[in-house]
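A closer look at the structure
For reference, the chains in residue letters:
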Amino acid sequence: MKIEIARVESPFGGMSFGGIGAYEKIVGRAFGEVDPSHPLNAEIVNLDKAPRNAAGRVEYWVDFCLLKPADLRKGNRHLLYDALNRGDKLALVDLNDAPKGLGSNELASAEDAGNGFLMRQGYTILFGAWQGDAAPEEGHMLAGFPVATASGKPIVSKSREEFVFGQDSGNVIAPLTYPANTPDQNEATLTVRQRQKDRRVPVGPDRWRFLSPTRLEIMLADGFDAGAIYEFIYPARDPIVMGLGFAAVRDLVELFRYAATDDAGRPNPLSLDRGGPIVDDVIAYGRSQPGRFLREFVHLGFNETPSGRMVFDGIYAS
């Protein structure tokens, strides 16, 4: 894996955290590649259908952000990995009682440090992207994963999506996970039902339309409350190889935990004098969707690197 550092900043308005002192924020992007034939990558769906480089590997990139003591020797040698939620940082919001908002992604002001708990303890915190479909807005951290194809041709297959909009009248916008292959309404069906086991009631094409390949506008049906379930079935195309998010987390943490330099010889920001990173152990944190991601990460075997090393010593998933 190779890293490119975009900027190094003094976060939290330059405030100091007791005996640990000031922190440093390092923002960059990591570039990785995986071997489709390696057994530890076998659980990545559609990896065999992703484009490959000259070495036969599948490439990807992810954004990362490091918060570390400006003087690494004052840290506690523990690395906390924060599994993002749709591109948003969570650890300082949840563990430091920092306010949620744009500042929780930028980490610029003293307010963004919350009560400073993690920093006063001397933790180094790694934020790393893992979702290939996070929206590029509001300071989100992003990941770039390839689209799977069938021998170079687009993959088209049926997709089923369910929506609960929380309102019972008016028009709503529904985002689609995959782009629609065609805007032809005759190729798709929309139904509504009040409860999961109820009969599906068709919603006519006069009450919905495509705004784009990934967005629908729906006029909500009469006679259903805010908890009604809308089901949309349509021909979708261009599946992103989302499972690369597991490999990206594995490879990113392995780099910052074990390597003195990246594959291009650039020094690890957590390493002193190229003598290896000052990291004794790594704990992962994830709430809600990131918590489920971390459980699946372990279940699918990604807590072992291809070189046989452990990724996380512990996981706090809620």
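This text follows the structure it describes.
Below is a summary of the structure that appears in this document. Since the structure is predicted, the reported quantities are computational estimates derived from the model, not experimental observations.

Each helix and strand counted, the protein has five helices and 18 strands in total. Judged by the C-alpha coordinates and their principal axes, the protein covers about 65 × 45 × 30 Å. Within the span of the protein, comprising 318 residues, buried residues form 47% of the whole. In the protein, the share of contacts with a sequence separation of at least 24, taken over all contacts with a separation of at least 6, comes to 72%. Carbon and sulfur atoms make up 49% of the accessible area of the protein, which amounts to about 14,900 Å² in all. Each charge sign in the protein was given a centre, from 35 positive and 42 negative side chains, and these centres are 2 Å apart.

The subject of this paragraph is the layout of surface pockets. The computed volume of the largest pocket comes to approximately 680 Å³. Lining the largest pocket we find 20 residues, and of these Gln131, Asp133, Ala134, Thr177 and Met242 sit closest to its centre. Per-class residue counts for the lining of the largest pocket are ten nonpolar, four polar and six charged. Empty space within the second largest pocket amounts to approximately 530 Å³. Residue lining of the second largest pocket: 24 residues in total, with Met1, Gly32, Glu33, Asp251 and Asp263 positioned closest to the centre. Looking at the lining of the second largest pocket, the elements that each hand over two or more residues are β3 (21–34), β4 (58–69) and α4 (244–258).

For Asp82, the position within the fold is in strand β5 (residues 78–83). You can call Asp82 buried: its relative accessible area is 0%. Beyond its immediate stretch of four places on either side in the chain, Asp82 contacts Lys89, Leu90, Ala91, Leu126, Phe127, Gly128 and Tyr285.

Taken N-terminus to C-terminus, the directions of α4 and helix α5 (residues 289–299) make an angle of 80°; their axes are 11 Å apart at the nearest point. By the criterion of interaxial angle, the relationship of α4 to α5 is roughly perpendicular. Contacts between α4 and α5 involve Gly245, Phe246, Val249 and Arg250 on the former and, on the latter, Phe293, Glu296 and Phe297. Here the residues of the contact of α4 with α5 are counted per class, giving four nonpolar, one polar and two charged.

Below, the discussion takes up the pattern of salt bridges. If you walk through the whole model with that rule in mind, you get 22 salt bridges. For the salt bridge of Glu231 with Arg193, the shortest nitrogen-to-oxygen distance reads 3.9 Å. With Glu231 in strand β16 (residues 229–237) and Arg193 in strand β12 (residues 189–193), this residue pair connects regions lying 38 residues apart in the sequence. As far as the burial class goes, Glu231 and Arg193 line up, both buried. Close ionic contact of Arg195 with Asp198 constitutes a salt bridge, the shortest N to O distance being 4.0 Å. Arg195 sits in the exposed class, given a relative accessible area of 57%. For Asp198, a relative accessible area of 30% corresponds to the partly exposed category.

Counting residues in hydrophobic clusters, the biggest one holds 68 residues, and the most contacted among them are Tyr81, Leu92, Met119, Leu126, Phe127, Leu244 and Phe312. For this core, the element with the most residues is α4, which contributes nine residues. Once residues within four sequence positions are removed from consideration, Tyr81 is found in contact with Leu126, Gly128, Trp130, Val249, Val253, Ile283, Ala284, Tyr285 and Phe312. Val192, Leu216, Leu220 and Ala228 belong to the second largest nonpolar core, which has 22 residues in total.

The strand order β11-β15-β14 describes an open sheet built from three strands, whose pairing is antiparallel. In this open sheet, the two strands that pair with only one neighbour each are β11 (171–175) and β14 (208–212). Shown here is a sheet whose adjacent strand axes are inclined to one another by a mean of 25°, direction ignored. The pairing of β14 with strand β15 (residues 215–219) spans four bridges and is classified as antiparallel. Directly across from Arg209, in β15, lies its bridge partner Glu217.

Definitions and cut-offs
- The residue numbers shown here count from 1 along each chain, following its written sequence.
- For this predicted model, a pLDDT threshold of at least 70 governs which residues receive local features, and a threshold of 80 or more governs which side-chain atom pairs are given and counted, while totals over whole chains, interfaces and linings are taken from all residues.
- Only hydrogens and water are set aside; all other atoms, that is, all heavy atoms of the structure, feed into the side-chain values.
- Strands are runs of DSSP state E lasting at least two residues, helices are runs of H or I lasting at least four, and both sets are numbered from the N terminus onward.
- Between buried and exposed lies partly exposed: a residue is buried under 20% and exposed over 50% of the maximum accessible area for its type, with that area taken using a 1.4 Å probe on protein chains only.
- Contacts were defined at the residue level, with two residues in contact if any of their heavy atoms lie within 4.5 Å.
- Computed with the Shrake-Rupley method and a 1.4 Å probe, the accessible areas treat only the protein chains shown as cover for residues.
- The charge count includes Lys and Arg as positive and Asp and Glu as negative, but it does not include His or the ends of the chains.
- Throughout, a charge is located at the NZ atom of Lys, the CZ atom of Arg, the CG atom of Asp or the CD atom of Glu.
- Buried and open spaces are told apart on a 1 Å grid over the protein atoms alone, a cavity being a set of points where a 1.4 Å probe fits but cannot get out and a pocket being an open set with protein on both sides within 12 Å along at least five of seven lines. Residues with an atom within 4 Å of a point are the lining residues.
- Grid points are joined across faces, edges and corners, and a volume is the space filled by probe spheres set on the points.
- Each residue gets one label: Ala, Val, Leu, Ile, Met, Phe, Trp, Tyr, Cys and Pro are nonpolar, Asp, Glu, Lys and Arg are charged, and the others, such as Gly, are polar.
- In this analysis an axis means a line fitted to C-alpha atoms, helices contributing only their contacting stretch, and an angle means the value between N-to-C directions, from 0 to 180 degrees.
- Roughly parallel refers to an angle under 35 degrees, roughly antiparallel to one over 145, roughly perpendicular to one between 65 and 115, and oblique to any angle outside these ranges.
- Salt bridge, as used here: a side-chain nitrogen of Lys or Arg that lies within 4 Å of a carboxyl oxygen of Asp or Glu.
- Within this scheme, the nonpolar core is defined by two criteria: the residues are buried Ala, Val, Leu, Ile, Met, Phe, Trp, Tyr or Cys, and they are joined through side-chain atoms within 4.5 Å.
- Pairing between two strands is assigned when DSSP locates at least 2 bridges connecting them.

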